[in-house]
Amino acid sequence: MLLVALVAGVALGPAPASGGRGGRITTGFERRGGLSWTTAAEERDLLRELIAAAPSPDRVGWEPARVTVTRVGGSARGRDVELITVSGARTVPEPIRVLFVCGQHGDEPAGREACLKLVRDLADDRSAAGRRLLERVTVLVLPTPNPDGLAAGTRATAEGVDLNRDHLAVASPEARAVRRVLRETRPHIVHDLHEFDVPTDASVAPTLYLWPRNLNVDPELRGLAVELARDRIGSALRAAGWASDVYGADPTGRLGGDGDERLLRNAAALDHAVAVLVEVDANPTSALERDDAALLHRRRVGAHLVAARATLRMAAERGEAVTSAIRASRARAEHGPERVYLDGADNLPATWAAPLEPPCAYRLTPAQYATARATLAEHGIRVSPDLRVRTAQPAGVRATLLLDPRARFAIADGTPEPCGEEEA
Ligand SMILES: [Zn+2]
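Everything numeric in this text was worked out from a predicted model, so none of it was measured.

Calculation notes
Residues numbered from 1 in each chain as written. Predicted model: local features only at pLDDT ≥ 70, side-chain atom pairs only at ≥ 80, totals over all residues. Heavy atoms only, no water. Buried < 20%, exposed > 50% of the residue type's maximum accessible area, 1.4 Å probe, protein only. Helix = DSSP H or I, 4+ residues; strand = E, 2+ residues; numbered from the N terminus. Pairing = 2+ DSSP bridges. Donors = N, O, S within 2.8 Å, 3.2 Å for Na, K, Ca; no water. Tetrahedral: all angles 85-135°; square planar, octahedral: opposite > 155°, others 65-115°. Core = buried A, V, L, I, M, F, W, Y, C linked by side-chain atoms within 4.5 Å. Contact = heavy atoms within 4.5 Å.

Novice: Could you give an account of the pairing of strand β4 (residues 137-142), naming the residues involved and the relevant values?
Specialist: In terms of burial, β4 is a largely internal element, six of the six residues being buried. Burial along β4 is two-sided: the face carrying V137, V139 and V141 and the face carrying T138, L140 and L142 are both buried. The pairing of strand β3 (residues 96-101) with β4 spans six bridges and is classified as parallel. Residue pairing across strands places V101 opposite L142, the latter belonging to β4.

Novice: Tell me about the coordination of the zinc ion, residues and numbers included.
Specialist: Protein coordination at the zinc ion: the donors are H105 (ND1), E108 (OE), E108 (OE) and H194 (ND1), at 2.0 to 2.4 Å from the metal. Each of the four donor atoms bound to the zinc ion contributes to angles spanning 57 to 154°, and the resulting shape is irregular. Donor residues for the zinc ion, ordered by position in the chain, follow H-x2-E-x85-H. Each member of the pair, H105 together with E108, is buried.

Novice: Summarise unusual backbone geometry; cite the residues concerned and give the values.
Specialist: Excluding glycine, residues mostly carry a negative phi; peptide bonds, for their part, are mostly trans. The phi angle at V170 is positive, at roughly 40°, despite the residue not being glycine. Of note, V170 is situated in the loop between α6 (147-152) and α7 (173-185). With a phi close to 45°, R186 is a non-glycine residue in the positive phi region. Among the secondary structure elements, R186 is positioned in the loop between α7 and β5 (189-196).

Novice: A description of the environment of P394 should follow, citing residues and the corresponding values.
Specialist: Mapped onto the fold, P394 is located in the loop between β10 (388-390) and α14 (396-403). Residue P394 is classed as partly exposed on the basis of its relative accessible area, which comes to 36%.

Novice: Could you give me a rundown of the nonpolar core, with the residues and numbers involved?
Specialist: Among the nonpolar cores identified, the biggest contains 69 residues, and I84, V86, F100, V139, I233 and L312 are the most heavily contacted of them. Examining the composition of this core, we find that ten residues originate from one element, helix α11 (residues 293-317), more than from any other. Contacts of V86, omitting those with residues within four sequence positions, involve A65, R66, V67, V119, L122, L134, V137, T138 and V139. Within the second largest apolar cluster, 38 residues are counted, among which are L83, V101, L140 and L270.

So this is what it looks like as structure tokens:
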């Protein structure tokens, strides 16, 4: 199975001469007290050190976590997109897989920084609790899904694509790398890290969270995502001293947070994962932070770490509920959807968007098929030799959202074929 190939990973080669087992392995950000972010070269060195630091049990019998790094794709400018996997020396038969997507937007560096610290902390954790966590949870980390954007300090990719609006069409190489990870590792939980930037006059909590609002998401999975976002992440952030609220509840309406199926939060949930988004305020929240960039950076990274830890705790404690909900959601999707919402969100009135009863199939012209082919394949959508896409298939919701002429982000206007007609 491809999952095995990705989780088994590939080492990056020898570790640099510095660091190693002697002292604690640190990120560039930590060595500079938070004044500047870990560079791409430092990220590479850090990962090499972590891989090299875990060869054998030490004298007291502590078995280090396994850290692997796998190239899962490349950016438009040819930079690697890499997946880090941290797993325990011993694991239960099916550990919960938690995927952290740490920086879809290149100008939001704190999520990536928190992810690098998290990986190091997990690999370094010698406590019994740390060992138990990694027995039950395999941690997957995409620290830098938009490496060109990070290098340039831009929200978008080098091709001007907003990666977090490309998880339906998957037109960019960066979105295809994320999709590959979703498809091949099938994470149970997906945690998406962002930073937001609103004028200081707006009264918005410095930490925000949200579950998938898309109406096609399985209600049981949405329930678990609400539990994770609100009861676990929100509570942990508040306990750590930060006000925390639902993302998109902003009275100014300047933040997002809807049911858009192109967003990772919604897309991952349509892939039967428990998905959440965490947003941290990138602006100074105090006079001290205004005068001290390192303090500001450390608060942003610290808040993301608290949220990530809360997700890992839920994974360890609620693994059974999560796996059984995912199993049920997959089983319900097996024969295709009875209805598909082309719009709407779980916080809008039910009458706002009437669901569509999907047709039996969408027929594509050869030209439409040529346009849609790669995207359909990325989502595992089956197409018959006569270029019909049946909706009675596990990815039937996706097929409808991609091919129905009424769908807001359709990539081809397929011709709906009602049930019965095709048999005539
Ligand atoms: Zn963002």
